[in-house]
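Fold and contact review
Read off the chains here:
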Amino acid sequence: MTFSGQAPGAGRVGAERGRCVGAGQCVLAAPAVFDQDEHDGLVVVRAEVPAASQSDAVHDAVWACPSGALTFR
């Protein structure tokens, strides 16, 4: 699925902070897209619609998330 104005292969990142356990695997996999809040360590999405070149890294981050808090559609 693509969104209007996006390159093929691009998608939209979602994060459920209520499910996040602060493991940081998303930041390790895709630091241009994810960060951790300095106060509680929970996920922060830096790029809700990341560049298509980040697609593989975002998929890796979603797969590596131990709590299943991330989506990429």
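Cut-offs used in this document
- Position numbers for residues start from 1 in each chain and track the written sequence from start to end.
- In keeping with the model being predicted, local features are shown solely for residues with a pLDDT of at least 70 and side-chain atom pairs are shown and tallied solely at 80 or more, while totals for entire chains, interfaces and linings include all residues.
- Think of the side-chain values as coming from all heavy atoms in the structure, minus any hydrogens and water.
- A run of DSSP states H or I qualifies as a helix once it reaches four residues; a run of E qualifies as a strand once it reaches two. Both are numbered from the N-terminal end.
- The cut-offs for exposure are 20% and 50% of the maximum accessible area for each residue type, with area from a 1.4 Å probe on protein chains only; residues under the lower value are buried, those over the upper are exposed, and the others partly exposed.
- Any pair of residues with heavy atoms lying within 4.5 Å of one another is described as a contacting pair.
- In these tables, accessible area is a Shrake-Rupley quantity obtained with a 1.4 Å probe, and a residue counts as shielded only by the protein chains included in the view.
- Side-chain atoms within 4.5 Å link the members of a nonpolar core, which is a set of buried Ala, Val, Leu, Ile, Met, Phe, Trp, Tyr and Cys residues.
- When two cysteine sulfur atoms lie within 2.5 Å, the pair is treated as a disulfide.
- Per residue, pLDDT measures the predictor's confidence, with a range of 0 to 100.
- By convention in these notes, a salt bridge is any Lys or Arg side-chain nitrogen within 4 Å of a carboxyl oxygen on Asp or Glu.

This next bit is on the overall build of the protein chain. Each helix and strand in the protein chain was counted, giving 2 helices and 4 strands. Along the chain direction, N to C, the helices and strands of the protein chain fall in the order β-α-β-β-α-β. Sorting the 73 residues of the protein chain into buried and exposed places 33% on the buried side. Considering only contacts within the protein chain whose residues lie at least 6 apart along the sequence, 52% involve residues at least 24 apart. For the protein chain, the accessible surface area stands at approximately 4,400 Å², while carbon and sulfur atoms represent 50% of it.

Moving on, we come to the nonpolar core. One recurring pattern in soluble globular proteins is that nonpolar side chains are buried together. Counting residues in hydrophobic clusters, the biggest one holds 15 residues, and the most contacted among them are F34 and L70. At the level of elements, α2 (55–64) and β4 (70–72) are the ones that each hand at least two residues to this core. Apart from the residues within four sequence positions on either side, L70 is in contact with G14, A15, C26, F34, V43, A61, V62 and C65.

Quick look at the state of the cysteines now. Covalently bonding the sulfur atom of one cysteine to the sulfur atom of another cysteine gives a disulfide. One pass over the full model with this rule turns up 0 disulfides. We note that C26 lacks a disulfide partner, and the nearest cysteine sulfur, in C20, lies 6.4 Å from it.

On average, the protein chain scores 90 in pLDDT, and the residues at 70 or more come to 86%. Below a pLDDT of 50 lies the segment residues 1–7, which in the model reaches 11 contacts outside its immediate sequence neighbourhood of four places, other chains included.

As a further point, take the pattern of salt bridges. This model, assessed by the stated rule, comprises 2 salt bridges. Among the ionic pairs, R12 bridges to E48, the shortest N-O distance being 2.7 Å. Taken together, the positions of R12 in the segment before β1 (13–15) and E48 in the loop between β3 (43–45) and α2 put the pair 36 residues apart, joining distant regions of the chain. A residue is classified by how much of its surface remains accessible, and E48, at 43% relative accessible area, is partly exposed. The closest approach of N and O atoms between R17 and D40, which form a salt bridge, is 2.8 Å. Taken together, the positions of R17 in the loop between β1 and α1 (25–29) and D40 in the loop between β2 (34–36) and β3 put the pair 23 residues apart, joining distant regions of the chain. Here D40 falls in the partly exposed class, since its relative accessible area comes to 41%.

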